[in-house]
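For reference, the chains in residue letters:
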Amino acid sequence: MILPAQLAWIALIVTAVLFLLLLLEIQRSHHRRVHSVMFDTEAFNERVRAYQFTDKEISTLEKIVRASRYENKDAIINSAKLFEEAVSDFYEFRNVLSVREGTLDAVASLRRKLNFTASNLLEAVVSTRQFNVNDRIDLILDDGSPAKHSNILRMDERQFSIAYGEQYGNGRSLVGERVHIRWTRPEDAVYTSVVKVLEARPGELVLSHSSSLEKQQLRRWVREIVNLPLEADFPDGEPCKGILYDLSAGGILLGLPRECAPGQHIHIRFELPSFGKEDVEVEILRSIGRKNPEHPDFFSQTASFTGTFGWTQERVLQYIFEVHKAKKAGNSPPKMAN
């Protein structure tokens, strides 16, 4: 008869044997990944030669591949998504804070040479590391205040920073907090994520990177009815008040007491709810007459943005995104900024 104590020893021995077998298999798998020939090595080597990578970049790429979950070496240089996922695996495995500066610089250089930055409209954006210096970005706090419109000042593999001065709010320290960021790629989508505020420097906030971006796809030019009051300035200096009937990132429909000729340029000012005041130049495309029964004295006129309107275009896209998101959730649309 086997005693309980003997059963316990047998169970302990079996557990120890299984644990040793597991460790042995992990070691074999690691050895195979580090030293064996991986799939598509020949195609990978041909691509590497074509890009004219430096020796440091080639060795760094090899480390990234072997630290990733992928066994096909060529795959990660065919896709920005797979490249960034492999980089994230590498940084998690090695701890990005302990990776040498030369290796970090090589990763950033690889991204540029492969054209995997957010500037390439043909590639997916899956990480904030793909953003570029001077990209416009919004910081969204949980206190209900309007989004803080900013831009990226610095970018490296460990962190990035955005402009943040006294004009942005109440002076509250955000260090250690998790905040929402929002970035728009025109004609593509609005991307949002949650990042941590690592440090506050004079005029800037240092943020952690994120490889978890939420993407809200947009049609080319989504149009939203807004009925916002506006002020218009004509080249002859005559100002007037009107109505902004609807709005998209590509153009607008406005109502003015004065009919304009196609091709005429005017400046308009209006307040975009939750985003603040906009002052932008538009070009009149055509007048469709007094078509709005609520404003019978106004001429309805289509117009497109012109001049320096990139920032306005991005805010319009973000506003439409917020409106559609609120409607989908059954909430109220964004309100006027204070």
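Further up the page is the structure itself.
Sequence order sets the numbering: in each chain, residues are counted from 1 along the sequence as written. Where totals are concerned, whole chains, interfaces and linings use all residues; where local detail is concerned, this predicted model gives features only for residues with pLDDT of at least 70, and gives and counts side-chain atom pairs only at 80 or more. Water and hydrogen atoms were dropped before computing side-chain values, which therefore reflect all heavy atoms in the structure.

Caption draft 1: Seen up close, the state of the cysteines. Disulfide assignment relies on a single distance test, namely cysteine sulfur atoms paired within 2.5 Å. Enumeration over the complete set of coordinates arrives at 0 disulfides. Summary of cysteine pairing: Cys240 is not part of a disulfide, and the nearest cysteine sulfur, belonging to Cys260, is at 7.5 Å. On the basis of relative accessibility, which here comes to 4%, the residue Cys260 falls in the buried class. Three exposure classes are used, based on accessible area relative to the maximum for each residue type with a 1.4 Å probe and protein chains only: buried under 20%, partly exposed in between, and exposed over 50%.

Caption draft 2: Examining the sheet that holds strand 12 (residues 276-287) more closely. Think of it this way: DSSP has to see at least two bridges between two strands before they count as a pair. Strands here mean DSSP runs of E at least two residues long; helices mean DSSP runs of H or I at least four residues long; both are numbered from the N terminus. Pairing is antiparallel around the closed barrel formed by 6 strands, whose spatial order is 8-9-10-13-12-11. On average, adjacent strands in this sheet sit at an angle of 45 degrees to one another, irrespective of strand direction. Taken together, the 8 bridges between strand 11 (residues 265-272) and strand 12 define a ladder with antiparallel strand orientation. Its bridge partner being in strand 12, His267 is matched across the sheet by Glu281. A fitted line through C-alpha atoms serves as each axis, taken over the contacting stretch for helices, and the angle formed by two N-to-C directions is quoted from 0 to 180°.

Caption draft 3: Structural context of a positive patch on the surface. On the surface, a cluster of positive charge is contributed by Lys56, Lys63, Arg94 and Arg100. Within the secondary structure, Arg94 is located in helix 4 (residues 80-94). Arg94 sits in the partly exposed class, given a relative accessible area of 31%. Any residue with relative accessible area above 30% and no salt bridge may belong to a patch, with like charges joined within 9 Å and the nonpolar Val, Leu, Ile, Met, Phe, Trp and Tyr side chains within 5 Å. For accessible areas, the Shrake-Rupley method is used with a probe of radius 1.4 Å. Any residue's cover is judged against the shown protein chains and nothing else. Salt bridges are identified by distance alone: a Lys or Arg side-chain nitrogen within 4 Å of an Asp or Glu carboxyl oxygen. His is not counted, nor are the chain ends; Lys and Arg add positive charge and Asp and Glu add negative charge. Note that the charge is assigned to NZ on lysines, CZ on arginines, CG on aspartates and CD on glutamates.

By themselves, these figures tell us nothing about what the structure is for.
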